[in-house]
Amino acid sequence: MSTGARQRPALMHLYWWFLFSQGGVIAALLIPVHVLIQGILGPLGVVRVVDRHYDTWVQVLGNPIVKLYLLVLIAVPFFHFAHRLRYLLVDFGMPVARTVPAQAVFYGGAVVVTLLTIWVLLTTAPLSLP
Amino acid sequence: MTAEPLPSPQRGEGQGEGRGYLWRMPAGWWTRKRHYFLYVVREFTALPLALWLLWLLVEIKRAGDGPARYSPHGSTAFVVFSVIVLLFALYHSVTFLSLTGVIIRVKLFDRPLPSGLISLAMFVLWAVASVVIGFVLIWFGR
(Lines give C-alpha, C1' and ligand atoms only; values in the text may rest on other atoms or scores of the structure.)
Protein backbone atom coordinates (compact mmCIF):
# COMPACT_ATOMS: atom_id res chain seq x y z
CA MET A 1 0.00 0.00 0.00
CA SER A 2 1.46 3.34 -0.95
CA THR A 3 0.04 6.54 0.44
CA GLY A 4 2.48 8.76 -1.38
CA ALA A 5 3.48 10.33 1.90
CA ARG A 6 7.12 10.19 2.91
CA GLN A 7 7.60 7.82 5.82
CA ARG A 8 9.82 9.28 8.53
CA PRO A 9 11.07 7.42 11.58
CA ALA A 10 9.46 8.77 14.75
CA LEU A 11 12.80 9.80 16.26
CA MET A 12 11.32 12.19 18.82
CA HIS A 13 8.88 9.53 19.97
CA LEU A 14 11.79 7.11 20.28
CA TYR A 15 13.73 9.67 22.32
CA TRP A 16 10.87 10.45 24.72
CA TRP A 17 9.94 6.80 25.04
CA PHE A 18 13.53 5.93 25.96
CA LEU A 19 13.53 8.58 28.68
CA PHE A 20 10.07 7.38 29.76
CA SER A 21 11.26 3.80 30.22
CA GLN A 22 14.52 4.76 31.93
CA GLY A 23 12.67 7.11 34.25
CA GLY A 24 10.19 4.36 35.07
CA VAL A 25 12.94 1.91 35.97
CA ILE A 26 14.79 4.44 38.13
CA ALA A 27 11.58 5.46 39.89
CA ALA A 28 10.67 1.80 40.48
CA LEU A 29 14.07 0.78 41.82
CA LEU A 30 15.03 3.82 43.89
CA ILE A 31 12.07 5.90 45.09
CA PRO A 32 10.27 3.52 47.53
CA VAL A 33 13.26 3.15 49.88
CA HIS A 34 13.82 6.93 49.93
CA VAL A 35 10.16 7.54 50.79
CA LEU A 36 10.19 4.84 53.46
CA ILE A 37 13.36 6.01 55.20
CA GLN A 38 13.46 9.77 54.56
CA GLY A 39 9.71 10.30 54.57
CA ILE A 40 8.49 7.92 57.30
CA LEU A 41 11.11 6.19 59.48
CA GLY A 42 13.37 9.24 59.81
CA PRO A 43 10.67 11.75 60.78
CA LEU A 44 9.16 9.22 63.21
CA GLY A 45 12.56 8.81 64.89
CA VAL A 46 12.72 5.05 64.24
CA VAL A 47 16.18 5.36 62.66
CA ARG A 48 18.75 8.14 62.38
CA VAL A 49 18.67 9.29 58.78
CA VAL A 50 21.27 11.37 57.02
CA ASP A 51 18.98 14.32 56.23
CA ARG A 52 17.71 14.74 59.81
CA HIS A 53 20.83 16.65 60.86
CA TYR A 54 22.46 19.56 59.08
CA ASP A 55 26.04 18.32 59.50
CA THR A 56 25.51 14.84 58.11
CA TRP A 57 23.23 16.11 55.32
CA VAL A 58 25.66 18.79 54.07
CA GLN A 59 28.61 16.41 54.32
CA VAL A 60 26.86 13.83 52.14
CA LEU A 61 25.53 16.46 49.70
CA GLY A 62 29.08 17.68 49.06
CA ASN A 63 30.09 14.32 47.62
CA PRO A 64 30.14 14.47 43.79
CA ILE A 65 28.90 10.88 43.49
CA VAL A 66 25.92 11.73 45.71
CA LYS A 67 25.22 14.84 43.62
CA LEU A 68 25.24 12.76 40.44
CA TYR A 69 23.04 10.11 42.06
CA LEU A 70 20.52 12.71 43.26
CA LEU A 71 20.43 14.26 39.79
CA VAL A 72 19.53 10.89 38.27
CA LEU A 73 17.08 10.10 41.09
CA ILE A 74 15.18 13.37 40.79
CA ALA A 75 15.49 14.43 37.14
CA VAL A 76 15.13 11.25 35.07
CA PRO A 77 11.80 10.09 36.58
CA PHE A 78 10.25 13.44 35.61
CA PHE A 79 10.50 12.44 31.93
CA HIS A 80 8.57 9.31 32.87
CA PHE A 81 6.01 11.33 34.81
CA ALA A 82 5.59 13.80 31.92
CA HIS A 83 4.91 11.00 29.44
CA ARG A 84 2.47 9.21 31.73
CA LEU A 85 0.49 12.27 32.76
CA ARG A 86 0.28 13.52 29.15
CA TYR A 87 -1.17 10.24 27.93
CA LEU A 88 -3.45 10.05 30.97
CA LEU A 89 -5.00 13.33 29.82
CA VAL A 90 -5.41 11.83 26.32
CA ASP A 91 -7.16 8.83 27.88
CA PHE A 92 -9.43 11.21 29.79
CA GLY A 93 -10.62 12.59 26.46
CA MET A 94 -8.29 15.56 26.03
CA PRO A 95 -6.71 15.13 22.57
CA VAL A 96 -5.10 18.55 23.04
CA ALA A 97 -2.50 16.70 25.16
CA ARG A 98 -1.20 15.18 21.91
CA THR A 99 -0.33 18.54 20.39
CA VAL A 100 3.16 20.01 20.13
CA PRO A 101 2.43 22.82 22.67
CA ALA A 102 1.29 20.20 25.18
CA GLN A 103 4.45 18.20 24.55
CA ALA A 104 6.47 21.37 25.09
CA VAL A 105 4.70 21.96 28.42
CA PHE A 106 5.11 18.41 29.76
CA TYR A 107 8.60 17.53 28.49
CA GLY A 108 9.71 21.14 28.89
CA GLY A 109 8.60 20.85 32.52
CA ALA A 110 10.84 17.83 32.93
CA VAL A 111 13.73 19.76 31.39
CA VAL A 112 13.06 22.66 33.79
CA VAL A 113 13.12 20.27 36.77
CA THR A 114 16.40 18.83 35.47
CA LEU A 115 17.99 22.29 35.19
CA LEU A 116 16.59 23.26 38.60
CA THR A 117 18.03 20.11 40.17
CA ILE A 118 21.45 20.78 38.63
CA TRP A 119 21.36 24.34 39.96
CA VAL A 120 20.30 23.26 43.47
CA LEU A 121 22.95 20.52 43.62
CA LEU A 122 25.71 22.86 42.43
CA THR A 123 24.81 25.74 44.74
CA THR A 124 23.73 23.98 47.93
CA ALA A 125 26.78 22.23 49.35
CA PRO A 126 30.36 22.83 48.14
CA LEU A 127 31.99 19.90 46.40
CA SER A 128 34.13 17.84 48.75
CA LEU A 129 35.96 14.72 47.71
CA PRO A 130 35.73 11.81 50.15
CA MET B 1 -12.75 -2.15 -3.39
CA THR B 2 -10.94 -1.65 -0.12
CA ALA B 3 -12.84 -0.33 2.85
CA GLU B 4 -11.26 2.34 5.04
CA PRO B 5 -10.44 0.69 8.39
CA LEU B 6 -12.29 2.05 11.39
CA PRO B 7 -10.17 3.97 13.92
CA SER B 8 -9.07 1.86 16.82
CA PRO B 9 -8.88 3.48 20.25
CA GLN B 10 -6.53 0.65 21.27
CA ARG B 11 -4.02 2.03 18.79
CA GLY B 12 -4.64 5.57 19.98
CA GLU B 13 -6.62 6.42 16.86
CA GLY B 14 -9.95 8.12 16.43
CA GLN B 15 -9.33 10.92 18.90
CA GLY B 16 -9.45 13.89 16.67
CA GLU B 17 -6.72 13.35 14.11
CA GLY B 18 -9.11 12.52 11.24
CA ARG B 19 -11.67 14.73 9.58
CA GLY B 20 -14.42 12.15 9.45
CA TYR B 21 -15.52 9.82 12.19
CA LEU B 22 -14.66 11.31 15.58
CA TRP B 23 -14.53 8.68 18.26
CA ARG B 24 -14.27 9.71 21.89
CA MET B 25 -13.92 7.72 25.06
CA PRO B 26 -17.16 7.80 27.06
CA ALA B 27 -16.99 9.91 30.19
CA GLY B 28 -16.13 7.90 33.29
CA TRP B 29 -14.90 4.92 31.24
CA TRP B 30 -12.21 4.22 33.81
CA THR B 31 -14.75 3.59 36.58
CA ARG B 32 -16.59 0.88 34.62
CA LYS B 33 -14.09 -1.95 35.06
CA ARG B 34 -11.63 -2.74 37.82
CA HIS B 35 -8.93 -3.28 35.21
CA TYR B 36 -9.49 0.21 33.76
CA PHE B 37 -9.47 1.75 37.24
CA LEU B 38 -6.18 0.07 38.15
CA TYR B 39 -4.70 1.25 34.85
CA VAL B 40 -5.59 4.85 35.70
CA VAL B 41 -4.20 4.42 39.23
CA ARG B 42 -0.96 3.13 37.68
CA GLU B 43 -0.69 6.15 35.42
CA PHE B 44 -1.68 8.51 38.25
CA THR B 45 1.22 7.27 40.45
CA ALA B 46 3.37 9.76 38.53
CA LEU B 47 1.79 12.73 40.33
CA PRO B 48 2.43 11.83 44.01
CA LEU B 49 5.91 10.56 43.15
CA ALA B 50 6.69 13.84 41.38
CA LEU B 51 5.47 15.83 44.39
CA TRP B 52 7.63 13.79 46.77
CA LEU B 53 10.73 14.25 44.62
CA LEU B 54 10.09 18.00 44.55
CA TRP B 55 9.94 17.87 48.34
CA LEU B 56 13.33 16.09 48.33
CA LEU B 57 14.70 18.85 46.12
CA VAL B 58 13.43 21.43 48.62
CA GLU B 59 15.06 19.46 51.45
CA ILE B 60 18.36 19.58 49.56
CA LYS B 61 17.97 23.31 48.88
CA ARG B 62 17.26 24.01 52.56
CA ALA B 63 20.64 22.54 53.46
CA GLY B 64 22.09 25.67 51.82
CA ASP B 65 20.33 27.91 54.38
CA GLY B 66 22.93 27.17 57.02
CA PRO B 67 22.84 25.15 60.27
CA ALA B 68 20.84 27.69 62.24
CA ARG B 69 17.88 27.73 59.84
CA TYR B 70 17.92 24.08 58.84
CA SER B 71 15.13 21.94 60.28
CA PRO B 72 14.02 18.86 58.36
CA HIS B 73 10.34 18.19 57.69
CA GLY B 74 8.87 15.98 60.38
CA SER B 75 5.23 16.90 60.86
CA THR B 76 2.47 14.30 61.09
CA ALA B 77 1.00 15.64 57.86
CA PHE B 78 4.30 15.04 56.08
CA VAL B 79 4.52 11.47 57.40
CA VAL B 80 0.92 10.78 56.30
CA PHE B 81 1.76 12.26 52.88
CA SER B 82 4.82 10.00 52.65
CA VAL B 83 2.79 6.91 53.60
CA ILE B 84 0.34 7.67 50.77
CA VAL B 85 3.23 8.29 48.36
CA LEU B 86 4.87 5.02 49.44
CA LEU B 87 1.72 3.08 48.51
CA PHE B 88 1.72 4.68 45.05
CA ALA B 89 5.49 4.12 44.75
CA LEU B 90 5.15 0.42 45.56
CA TYR B 91 2.31 0.09 43.07
CA HIS B 92 4.44 1.74 40.40
CA SER B 93 7.41 -0.51 41.21
CA VAL B 94 5.41 -3.75 41.16
CA THR B 95 3.54 -2.94 37.94
CA PHE B 96 6.53 -1.48 36.10
CA LEU B 97 9.03 -4.19 37.07
CA SER B 98 6.48 -6.87 36.19
CA LEU B 99 6.27 -5.35 32.71
CA THR B 100 10.02 -5.54 32.17
CA GLY B 101 9.74 -9.23 31.39
CA VAL B 102 7.48 -8.36 28.47
CA ILE B 103 9.50 -5.38 27.23
CA ILE B 104 13.10 -6.52 27.67
CA ARG B 105 14.34 -9.23 25.32
CA VAL B 106 17.61 -10.88 26.32
CA LYS B 107 19.15 -13.72 24.34
CA LEU B 108 21.53 -16.18 25.93
CA PHE B 109 23.20 -18.76 23.64
CA ASP B 110 20.81 -17.71 20.88
CA ARG B 111 17.76 -18.46 23.02
CA PRO B 112 15.53 -15.78 24.58
CA LEU B 113 15.45 -15.77 28.36
CA PRO B 114 11.99 -16.44 29.85
CA SER B 115 10.12 -13.23 30.64
CA GLY B 116 9.51 -14.45 34.20
CA LEU B 117 13.24 -14.73 34.78
CA ILE B 118 13.82 -11.16 33.57
CA SER B 119 11.08 -9.83 35.87
CA LEU B 120 12.51 -11.85 38.77
CA ALA B 121 15.97 -10.38 38.11
CA MET B 122 14.49 -6.87 38.21
CA PHE B 123 12.72 -7.58 41.51
CA VAL B 124 15.99 -8.92 42.96
CA LEU B 125 17.74 -5.78 41.70
CA TRP B 126 15.03 -3.66 43.39
CA ALA B 127 15.59 -5.50 46.70
CA VAL B 128 19.38 -5.13 46.50
CA ALA B 129 19.17 -1.43 45.57
CA SER B 130 16.73 -0.78 48.43
CA VAL B 131 19.00 -2.47 50.99
CA VAL B 132 22.11 -0.63 49.76
CA ILE B 133 20.41 2.80 49.64
CA GLY B 134 18.70 2.22 52.99
CA PHE B 135 22.03 1.27 54.54
CA VAL B 136 23.73 4.39 53.14
CA LEU B 137 20.92 6.72 54.30
CA ILE B 138 21.09 5.31 57.83
CA TRP B 139 24.87 4.72 58.08
CA PHE B 140 25.74 8.30 57.15
CA GLY B 141 23.09 9.61 59.53
CA ARG B 142 25.06 8.41 62.56
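Our structure's up above, just so we're on the same page.
Keep in mind that this is a model prediction, so the values were computed, not measured.

**Q** Got a minute to help me understand the overall build of chain B in this structure?
**A** On a plain count of helices and strands, chain B comes out with four helices and two strands. For chain B, the α and β elements follow one another from N to C terminus as α-α-α-β-β-α. Looking at chain B as a whole, 18% of its 142 residues qualify as buried. Here the analysis covers contacts within chain B between residues at least 6 apart in sequence; of these, 33% occur between residues at least 24 apart.

**Q** Help me understand the environment of V106(B) in this model?
**A** All names here are of chain B. With respect to the secondary-structure elements, V106 resides in the loop between α3 (76-103) and β1 (107-108). On a C-alpha basis, the gap between V106 and I118 in space is 8.2 Å, while along the polypeptide they are twelve residues apart. Setting aside residues no more than four positions away along its own chain, V106 makes contact with P112, L113 and I118.

**Q** Help me understand the interface of chain B and chain A in this model?
**A** When the parts come together, some accessible area is lost, and that loss is often what is quoted as the size of the interface. At the interface, 47 residues of chain B touch 48 residues of chain A. Elements with a contribution of two residues or more to the side of chain B that touches chain A: α1 (34-44), α2 (46-62), α3 and α4 (115-139) of chain B. Sorting elements by how many residues they give to the side of chain B that touches chain A places α3(B) first, with twelve residues. Of the residues belonging to the side of chain B that touches chain A, the class tally is 31 nonpolar, eleven polar and five charged.

**Q** Please explain the environment of A46(B) as it appears in this structure.
**A** Assignment of secondary structure puts A46(B) in helix α2. Overall, A46(B) belongs to the buried group, with 24 C-beta atoms counted inside 10 Å. Between the C-alpha atoms of A46(B) and R24(B), which are 22 residues apart in sequence, the distance is 24 Å. Once residues lying within four places of it in the same chain are set aside, the contact partners of A46(B) are H80(A), F81(A), R84(A) and L85(A).

The rules behind these values
- Residues numbered from 1 in each chain as written.
- Chains lettered and ligands numbered in written order.
- Predicted model: local features only at pLDDT ≥ 70, side-chain atom pairs only at ≥ 80, totals over all residues.
- Helix = DSSP H or I, 4+ residues; strand = E, 2+ residues; numbered from the N terminus.
- Buried ≥ 20, exposed ≤ 12 C-beta atoms within 10 Å, placed from the backbone.
- Contact = placed C-beta atoms within 7 Å.
- Nonpolar A, V, L, I, M, F, W, Y, C, P; charged D, E, K, R; others polar.

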